[in-house]
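The primary structure of each chain is shown beneath.
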Amino acid sequence: MILVATGTVSVTHYLIVGAIMFTAGVVCMAVKRNALGVLMGIELVLNGANINFVAFGSSYLAGEGRSPLGLDGEVMALFVILLAAAEAAVALAITLNFYNNHGTVDVDRADDLRAQSTKRNHGNRHAAAAVAGNCLAGPPRLLCGNSFFGQPDGAAWKVCG
Amino acid sequence: MSQVIEEDQRIIEFDVRTDEMLVNMGPQHPSTHGVLRLVLRTDGEIVSELEPHIGYLHRCAEKIGENLTARQWIPYTDRMDYLAAMNMNLGWSLAVEKLMQYEVSEKARHLRVLIAELGRIASHLVGMGAYGLDLGTFSPFLYAFREREKILDLFEEACGARLTYSYITVGGLTADLPPGWLQRCEAFLEQFEPIIREYHTLLTTNAIFVKRTAGIGVLSPEMAVDYGCTGPVLRGSGVDIDMRRDGESIYTAMYDGYAFEVAVMKDGHYPRDHEYPAVPVDAVLGDCWHRFFVRMLEVVQSMDLVRQAIDRYSRCKGPLGEPLKLAEKLPAGDAYLETECPKGQMGFYLVGDGSAIPWRVRARSSSFSNLAVAPELCRGCLIADVPAVVGSLDIVMGEIDR
Amino acid sequence: MNWMANFLFLQQSTPLPVAAIDWHASLFVLFALVACGAAVMVVVTDNVVRMALHLVLSLGATAGLFFLAGAEFVGSMQLMIYVGGTLVLLVFGVMLTAQTKLVALRTPPGDRVIAGILAAALLAVLVQSAVSIETWRRPGRAETQPPTATPLGMALVGVRVDSPDSAAESQRRSGYLLPFEIVSVHLLVVLVGAAYLARAKRRRTPRAIDVVASADHPPSPRPSGRPDDREAASVLIGSGR
Amino acid sequence: MAEFLMNTVGLPTWLAWSVTAGVAAFLILNVIAGGALVFIWAERKIAARIQDRLGPTRTGGRFGWLQSLADGIKLLAKEDLMPDGADTLLFRLAPYVSFCASFCAFIAMPFAFDVVGQRLNVGVFFVIAVLGLEVFGVILAGYASASKWSLFGAMREAAQVVSYEVPLGMCVVVPVMLAGSMDLVTIGEKQAGWLTNWYLFHDPFTFVIFWVYFTCAVASVNRAPFDLAEAESELVAGFHTEYSGLRWSFFFMAEYGSMFLVSGLAAVLFLGGWNGPIPIAELAGWSDGSAVTAPYAVRLLGCANLLAKATVGVLLMMWIRWTLPRLRIDQVMTTCLKYCTPIAAAMFAGVMLWQLFLPGGLLPGGRRTAIAVREGWLEQAVEKPEDSSAVSTDAGSSVSQQLAGVAER
């Protein structure tokens, strides 16, 4: 209620909202394991930026009645919205392609380019975390013969297949 | 053998790539006619495999037939194809009469033709209405049932029942027509003539109906014959077979002297096709549209037959003749006879052993073989086409499950 | 800590009559809370469908903010293109991939803590910069004339007709005709690219159904090498025949 | 009204304003909810007449007009059950999302000259945008009911509505282009006068565009031949299979609400909104405000006109529904991409050229001269640069007043 009591809203309030949206977006992109979660993070980041653009471009909020950006703010916001749509289309196409080929949208699984050696030791640490996180989801029989025992890659899978 | 998908050994949770879905068009689905379960394997919208599961309506009619006399089994034939019970009764009665070499009076024969063809009109009306319902339009269903009600009123006057008549029985008919019935029947035919054109505008030539049915579920003549499809399904693929003309002598004897053409497309056009709308450009012979159109032509054909039967029946003098006794002795031996029912050729087979109770009774269902062709037709079509194809086969579960 | 004080006790522009609630401010608070709350919820929830729902809420509230800031056209565009188009696309993506096993991909707890710290740091920096500039903090005169979409439209077409004092600028600010054309061509390229990427390709691995359905192959009771937990499949293949 | 409450009743300002807002919202909501009830009854009666039967006759009065009330009570009494696999939050939220989406578009819908919730400068755009939001309610419902069939229905409907927004948007731009502004009130204003001033008869292209608009509107509202989502024959009842009782009635209200909205929009954009075929108000000399009651009478007449036209639109949709069979999903998509969009684009170009070479009405008697239409934008700006500082935000100001603050380059 502090803001309300202190008179009309100014550019700063919009900037704060934009900042919160931006940070939420960045965190979301960093933290989410689901590719679509990353996409949503990108949408949040773009929106945070959009709020700032519109805040600067709006003559309502500007102190002396002349907004710093003038009309450019809103036009820039329009272009951001348009390009976000285009970007989302391509990003989704890539994600669905990834899903079709690998059967999952888990971002951690997209490591085909990583060198084989790093993949194995990196794999163990990750496997531990993944098992801890997911052992509820997968049925128990999947625990047999996974990579804990350090079999070469792929062999484990044939055992319990 | 299926090649193992190369998996990264760190994968713990098993990813099921379920792009194809197993979908149940379950027994209580509104569009399947009666209780039929279709298991569809779909990939998104495309149906890759269809498997009908039947047997939900099985009542062991044939086993019961082994401890009932021939006339006592007539009510069971009513409940096989409950939309065309008259034709079922006729089929069973003729089969028994063939076994016993019994000749019904000429008057009864003409009355049987009259009643059977009226039954065919009623059955096709339901087929047309239900098919409209499958494709999403509700109004034709009600128009069809309005006309069918009038036929049912006529049957009610003749035999007292509206759905399961048991009117045609072994050795003739249970009762003669009440006075004035023929005039009412003629009045019905008079007012029914223009309504047929209404159905054509409502469905047959409707652009969306044509789009939904033309070129869908094309059944080649060879496959139709291989699967043993009969009736409108067969004639829809251009195979010129009609039991009323090519059937056994005892059955065709009823129809000799009647002028009628078989409703099938011979070298490019239907009989008397100047009176009906032209075949749409993208309708392939043997698709849903043609099966529907053959049924509509058969309704008109049956109307002509009914008119001819009326004046032949009214010219016969003398009593109708009594049907055989309830426990008539059946001669030893067996007999099988197929009659042209609205859904297709319905065959009845019975084995007599000298006593009044047949030793074995068997009914060959036309819808059963018509349905058998559905998996072939629905492979690769869309989900919305499945009811269109199954509806065009016009199957009745009572007849399939018996 | 002076910026904190600044932030809380913004100087009062007009004497505050007891009853006059400034609608603009109260609605702003509402939309801001919904937008930020939903944005944070997107980060917090694991269920991807819930995330999509919160994102829709957040972007809807942002559209409300745009309306409040006088950018009616941008607000409607946001509602229509962003929420009505892009997010529907995103929800389609969610629906296609949200198999039960993937819906809740939990992130390992360790990463969450690190992310929280980074977020707090980033937020502090941004808010500090937002609050520090003097001119931004002066509340705007809310009484300018109601905005219309026409100057925006004209700007896009290339004729700058907005506020007169911009005409006094030394360099004449030109309209946005060229970027507008570039964006439209860009959208076309993107559509073609997306359609190409998502085209139905021949599957790399034969599915169980192709293996079984191939005529010359005797239907084995269970496709080996791939534990198929859908019992119903056997109903189709080997059931009782 | 707020002033009235403040000075006479002595309410504090914020209470007065919220009461006014409440009354306005109540009015709009009831016009539509009441409309929905009437349309439910009308649909039953029309369907009956088409199918050669009587429809409801016994529930209340002679024509069964209480039937919708009976439905309402039945739905209220029904148990609101939820399938166990369902995602509870989304399952509950879905009907309200689609309900609000279809009802909040009525903010910008003008019922008479100035009888409008909020006179948005981007009115048309706002209505189309909000119509697009209804898809979310459907998708959430389909996903949350955790059954294959509803998911099928939801995906089909979402694909259909999203793809039909493209031609719908194109058709809506034509009247906007003719009127020169997106503000629904201005568009309605410009079609005042005789029947010939309606945009429908403005030129042959707009006439075709109207029918393309109507088809796309029917498709985007999911009715008649395009009602894939609740295709009884294949998908049982589509996305709202699992809903029952009150929640199901929300979806029902949303459908009728958006049907009324879309035909209302058609009325405003193409059929001259509140201007009747014969300009009774002008002929009878009411519009110059001589009599005290004049403005109310004119506005009442306007409301009646618009409601009548919208009802005709809705009845037409019902008529189509009960005669045509349903299209398949790919046929619906092809009609959208191969027929509606190209035709809309061609007609759009046609109207543009028509505006350039033969501006003004089709008939020589058209009131708007060539210059007024084309130069409308610049002309006002020139004649009134001096009072750019004049500030008047009352809703009655005409377009020129709005552009007062703009100097011509």
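These numbers come from a predicted model, not from an experiment.

Q: Please give an account of the overall build of chain A that cites residues and values.
A: Helix and strand counts for chain A stand at 6 helices and 0 strands. Put simply, chain A runs from its N terminus to its C terminus through helices and strands in the order α-α-α-α-α-α. Within chain A, the proportion of its 161 residues that are buried is 58%. Here the contacts in chain A between residues at least 6 apart in sequence split such that 47% fall between residues at least 24 apart. Accessible surface, chain A: about 6,200 Å² in total, of which carbon and sulfur atoms supply 69%.

Q: So what about the environment of B:Asp153? Which residues, and what values?
A: All names here are of chain B. In this structure, Asp-153 sits in helix H5 (residues 139–159). We classify Asp-153 as partly exposed; its relative accessible area is 33%. For Asp-153 and Cys-185, which are 32 residues apart along the polypeptide, the C-alpha to C-alpha distance reads 9.9 Å.

Q: How would you summarise the side chain of C:Ser76 if you had to cite specific residues and measurements?
A: Counting through the fold element by element, C:Ser76 comes out in helix H4 (residues 72–97). Of the residues examined, C:Ser76 reaches a relative accessible area of 0% and is grouped as buried. With residues up to four places along the chain from it excluded, the contact list for C:Ser76 reads C:Phe67, D:Val122, D:Phe125, D:Phe126 and D:Ala129.

Q: Requested: an account of the sheet that holds strand E7 (residues 344–352) of chain B, with residues and values cited.
A: Residue and element names in this part refer to chain B. One open sheet holds the 3 strands; their spatial order is E6-E7-E8, and the pairing between them is antiparallel. Two strands in the sheet have a free side with no partner beyond their single neighbour: strand E6 (333–341) and strand E8 (360–364). Each neighbouring strand pair of the sheet contributes to a mean axis angle of 10 degrees, computed without reference to strand direction. Alignment of E7 against E8, held across 5 bridges, turns out to be antiparallel. Pairing of Gly-347 across the sheet is with Arg-364, part of E8. Seen against the sheet, helix H3 (residues 85–100) touches E6, E7 and E8 and runs at an angle of roughly 150 degrees to E6.

Q: An account of the nonpolar core is requested, with residue identities and associated values reported.
A: Counting residues in hydrophobic clusters, the biggest one holds 176 residues, and the most contacted among them are A:Tyr14, C:Phe73, C:Val74 and D:Tyr213. When residues of this core are assigned to their parent elements, the largest contribution, 17 residues, is made by helix H5 (residues 123–144) of chain D. Contact partners of A:Tyr14, with chain neighbours within four places excluded, come to A:Val9, A:Ile51, A:Asn52, A:Ala55, A:Leu61, C:His24, C:Phe28, C:Leu65, C:Leu68 and C:Ala69. In terms of nonpolar packing, the next biggest core, distinct from the first, is built from 132 residues, B:Ala95, B:Ile121, B:Leu189 and B:Phe293 among them.

Q: Give a description of a nonpolar patch on the surface that names residues and reports values.
A: Residue and element names in this part refer to chain D. Together, Trp-194, Leu-195, Phe-201, Phe-207, Trp-211, Ile-278, Ile-280 and Leu-283 make up a nonpolar patch on the protein surface, roughly 770 Å² of accessible area in all. Inspection of the secondary structure puts Leu-283 in helix H11 (residues 280–283). For Leu-283, a relative accessible area of 58% translates into the label exposed.

Q: Got a sec to walk through the environment of B:Cys185? Specific residues and values, please.
A: Turning to its location among the elements, B:Cys185 is positioned in helix H6 (residues 181–204). Residues B:Cys185 and B:Asp311, spaced 126 residues apart in sequence, show a C-alpha to C-alpha distance of 12 Å.

Q: Kindly report on the confidence of the model for chain D, identifying the contributing residues and their values.
A: All names here are of chain D. For chain D, the average pLDDT comes to 77, and 81% of its residues sit at 70 or higher. Ranking the helices and strands of chain D by mean pLDDT puts helix H8 (residues 204–220) first, with 91, and helix H15 (residues 399–402) last, with 37. Contacts of residues 361–409 to residues separated by more than four positions or lying in other chains number 65 contacts, the stretch itself having pLDDT below 50. Both confidence scores are given for the complex: pTM 0.79, ipTM 0.75.

Q: Tell me about empty space enclosed by the protein, and please be specific about residues and values.
A: Residues and elements named next belong to chain B. In this structure the tally under the stated criterion is 16 cavities of 30 Å³ or more. Quantified by volume, the largest cavity comes out at close to 120 Å³. Around the largest cavity sit Ala-259, Phe-260, Glu-261, Ala-263, Pro-271, Arg-272, Tyr-276, Leu-297, Val-300, Gln-301 and Asp-304, which together line it. Looking at the lining of the largest cavity, its residues break down into 7 nonpolar, 1 polar and 3 charged.

Q: Now, about the confidence of the model for chain A: what can you tell me, with residues and values included?
A: Looking at chain A, pLDDT values average 70 and 63% of them are 70 or higher. Counting interchain partners and residues more than four positions distant, the pLDDT-below-50 stretch residues 1–6 of chain A has 10 contacts.

Q: Talk me through the packing of aromatic side chains; I want residue IDs and the actual numbers.
A: On inspection of all chains with the given rule, the structure shows 39 aromatic pairs over all chains. On the numbers, 5.9 Å between centres and 80 degrees between planes, the contact of C:Phe67 with D:Phe126 is edge-to-face. Of this pair, C:Phe67 sits in helix H3 (residues 48–68) while D:Phe126 sits in helix H5, which puts the two residues in different chains. Within the aromatic cluster, the residues linked to one another by ring pairs are D:Phe39, D:Tyr96, D:Phe99, D:Phe103, D:Phe106, D:Phe250 and D:Phe260. The ring of B:Tyr258 carries the charged tip of B:Arg312 above its face, separated from the ring centre by 4.6 Å.

Definitions and limits used
Residues numbered from 1 in each chain as written. Chains lettered and ligands numbered in written order. Predicted model: local features only at pLDDT ≥ 70, side-chain atom pairs only at ≥ 80, totals over all residues. Heavy atoms only, no water. Helix = DSSP H or I, 4+ residues; strand = E, 2+ residues; numbered from the N terminus. Buried < 20%, exposed > 50% of the residue type's maximum accessible area, 1.4 Å probe, protein only. Contact = heavy atoms within 4.5 Å. Areas by Shrake-Rupley, 256 points an atom, 1.4 Å probe, with all protein chains shown as cover. Pairing = 2+ DSSP bridges. Axes fitted to C-alpha atoms, helices over the stretch in contact; angles between N-to-C directions. Core = buried A, V, L, I, M, F, W, Y, C linked by side-chain atoms within 4.5 Å. Patch = residues over 30% accessible without salt bridge, like charges linked within 9 Å, V, L, I, M, F, W, Y side chains within 5 Å. Salt bridge = Lys/Arg side-chain N within 4 Å of Asp/Glu carboxyl O. pLDDT = per-residue confidence, 0-100. 1 Å grid on protein atoms, 1.4 Å probe; cavity = no way out; pocket = protein on both sides within 12 Å on 5 of 7 lines; lining within 4 Å. Points joined across faces, edges and corners; volume = space filled by probe spheres on them. Nonpolar A, V, L, I, M, F, W, Y, C, P; charged D, E, K, R; others polar. Phe/Tyr/Trp six-rings, centres within 6.5 Å; stacked < 30°, edge-to-face > 60°. Lys NZ or Arg CZ within 6 Å of the ring centre and 35° of its normal.

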